[in-house]
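Coordinate inspection notes
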Amino acid sequence: MTLISFVVPAFRVQGYLRECLDSILGQPETDIELIAVDDCSPDASGDIIDEYAARDQRVRSVRLPENVGLGPARNIGLDRAVGEYVWFLDGDDWLAPECLTEVAERLRGTHPDVLLVDHVRTHWNDTATRSAMAEVFPESPGVGTFRLRDRPEAMRLLHTAWNRLVRREFLVDLGLRFAPGWYEDVSFSYPVLMAAQRIGVLDRVCVNYRQRRAGAITRTRGDRHFEVFPQWHRVFHLMDSWGSTTDALRPAVFERMIWHYLTVLGNGQRIAPGLRPAFFAQITADYERWLPPGGYPVPDGVEGIKHRLVASGRWRTFSALRAASRARDTARRKARAARRRVGPVARRGARLTRDGMLREYYRAELRRPIDPMLAVYAAYWYRGYSCNPAAIYEVARQLAPGVRGVWIVRRDRVDTVPDGVEYVVAGTPAYFRVLARARWLVNNVNFPDFVRKRPEQVHLQTHHGTPVKVMGLDQQRYPIGAGRMNFAGLLRRVDRWDYSVSANSFTTQMWDRAYPATYTTLEVGYPRNDRLVTAGPEEVRRLRAEFGLDPDEQVVLYAPTHREHLPGYRPPFDPDQFVRALGDSGRLLMRSHYFHDRDRRPGQPKDWERVRDVSGYQRVEDLYLMADVLVTDYSSAMFDYAVLDRPIVLYTPDWEAYRLARGVYFDVTSEPPGAVATTFADLLDLFRTDAVRSEAAAKAREHFRGRFCTLDDGRAAERVVRQVFLGEPSERSSRC
């Protein structure tokens, strides 16, 4: 028999599901099965599950035709489980590395009905908070088992399904199922403990309980939090059906119920102010209904006062006590902030500077009406007219001609703006004016921190690549690559987004976890790639002629990315040796990353006729169209160029160092878009032998395109304009 059946329901967890599944399947203990239940999730969770099931026989995929909710989805997984023990893990949490070895050892050694394991709360800012295990069990409970009536303090551990493994036959014999609705763990976790004859505790952190910044039930306001009451009613009804066997436990269970109700009520992110009196009244009603005949252990201190106010139904006093406590906490926070604040003299001095005066001008413009037909565009920190914003601008001029588009550019990049495109120079009064008054703000990076989001404004974040390297909050785990990034500031900028453009499902999944906020995702393909789809042979011939490239020449574009953690790094690459390997008809275009636009130090190849530095060329799409082959490393260029279905070579001489220092979302050397070279000698051999066009390379490219390029049909910019500028509904609809 399989030792452990993992049941993992999935609903709107596409950004976290891979980490969850990998944490299970990557454990040293392999005597497991994983039943992953797609609860008719409208995102890519089901596709991710199918992907894992196709490559690991331990994974069983269950796709539900309609959304049933977390509890019923767990029941469906339980019905398919064959393991001796069942572990219900949520799709956005993950296991600690190698924890399963100790779990399996304890299960095999003590055969408990229930094994409780420890966890940590892992927050979005990469901090962790320990559980109450050390408080509940100040001394290690050891390896033995016990009944709940002998150690009722075990009920003070968090009442979730995922911090306990339950013997499957015990659970089936008990006939216990998860109830529908929110707070479904309550009516499962407490009865399981009360009925178990053998409870074990493993004092080892096994679960990382993710504290999501957005999208979690615990951070969602609404009246569904009232569903906590029927879940607790089920617990007491079940105790009634079991008769006197649980009488000794009633006081402790009752105390846990009141504690839980007060916890939900006290969380301002759950119960809106207008609903709190009714919620409190229901607590009082349950207090009177379920109070044990002999009473219960009332907590000491402030918590005890809350219990007594609940018992007497004194909502006004309870509310006043809560308000006083919150006011005290606010005063303390303000006092701490005041101590850290820069002195007023320094602030007055800053206002006298030119920048200070311009910021004052910006604040004044914020008080003027929004221009309902003004759209502001920017790309790459004002480096000029390019990328997704440029593609959207061009389509908007056709489909929404009444919208006036204005670009923001640096002073040294003004000459790159095409004729007929209106622009303002960054840092000028006109720049601050359009930022303050535009209805639409379109950028492929973030606008500066001083920019305020007005209620009438629409921020469209287009991004500028499918991510190989980790981005956003995920960089917190890679401090070398992240440098001195201010993650709190990053999230303030992300909170301004109304729309986020995604090139493919994979990108959407990564943005969900890297940039957690409440924006709307536009998974439509990348607008900048429209031209790669629509450009015909005539345009390619025209571009090559303008560059002085003959139609029969083999043109290779070399476009490596930069290394934030290694300033000044250049991959080992000799352009003269490379063009010799190409043969007499080979030409090389070299393009450095845009971050180096002010400090380019191109090499000095001897054969300048066959090697050209195109780093300053504004529109990279032209270079893609001219090139017969792309050579890159970890750049998003590979995803764009793959749209053309032409050979791609990955040159990755520092893959292991880059992966460990910078962090990556997937192993591009294992799932490449073509041939792979890890040394310069290997790279030369690929071209000398024409292995860049081998059958294996073509198959790798086909698989890569199927995963990342399916949305690139030439209409991505149109889809964005229709939804964002014209308010038309999205073409895409969810399954459920």
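Note: the structure precedes this text.
Described in the following lines is the structure provided in the data block. Only a predicted model underlies this, so the values are computations on that prediction, with no experimental measurement involved. (Residues numbered from 1 in each chain as written. Predicted model: local features only at pLDDT ≥ 70, side-chain atom pairs only at ≥ 80, totals over all residues. Heavy atoms only, no water.)

Regarding the pairing of strand β17 (residues 554–558)
- Burial analysis of β17 places 5 of its 5 residues in the buried class, the great majority of the element.
- Burial along β17 is two-sided: the face carrying Q554, V556 and Y558 and the face carrying V555 and L557 are both buried.
- Summarising the sheet, β17 and strand β18 (residues 586–590) pair through 5 bridges and their orientation is parallel. Residue pairing for β18: V556 is matched across the bridge by L588.
- The pairing of β17 with strand β20 (residues 629–632) spans 3 bridges and is parallel. Its bridge partner lying in β20, V556 is registered against V629. (Buried < 20%, exposed > 50% of the residue type's maximum accessible area, 1.4 Å probe, protein only. Helix = DSSP H or I, 4+ residues; strand = E, 2+ residues; numbered from the N terminus. Pairing = 2+ DSSP bridges.)

Topic: the sheet that holds strand β19 (residues 611–613)
- Strand order across the open sheet formed by 6 strands is β19-β18-β17-β20-β21-β22, with parallel pairing between neighbours. Of all the strands in the sheet, the pair left with one neighbour each is β19 and β22 (675–677). On average, each strand axis in the sheet is inclined to that of its neighbour by 20°, with strand direction left out of account.
- Sheet topology places strand β21 (residues 648–651) next to β22; 3 bridges connect them, and they run parallel. By the bridge assignment, Y651 is partnered in β22 with A677. (Axes fitted to C-alpha atoms, helices over the stretch in contact; angles between N-to-C directions.)

Examining the packing of helix α15 (residues 387–399) against helix α28 (residues 716–724)
- With their axes 9 Å apart at the nearest point, α15 and α28 run at an angle of 60° to one another. Relative to α28, α15 is oriented oblique. The way α15 lies across α28 gives a crossing that is right-handed. For the pair formed by α15 and α28, the contact residues are A391, I392, V395, A396 and L399 on the first element and A717, E718, V720, V721 and R722 on the second.
- Of the residues assigned to the contact of α15 with α28, the class counts are 8 nonpolar, no polar and 2 charged. (Parallel < 35°, antiparallel > 145°, perpendicular 65-115°, else oblique. Left-handed = near helix turned anticlockwise from the far one by under 90°. Contact = heavy atoms within 4.5 Å. Nonpolar A, V, L, I, M, F, W, Y, C, P; charged D, E, K, R; others polar.)

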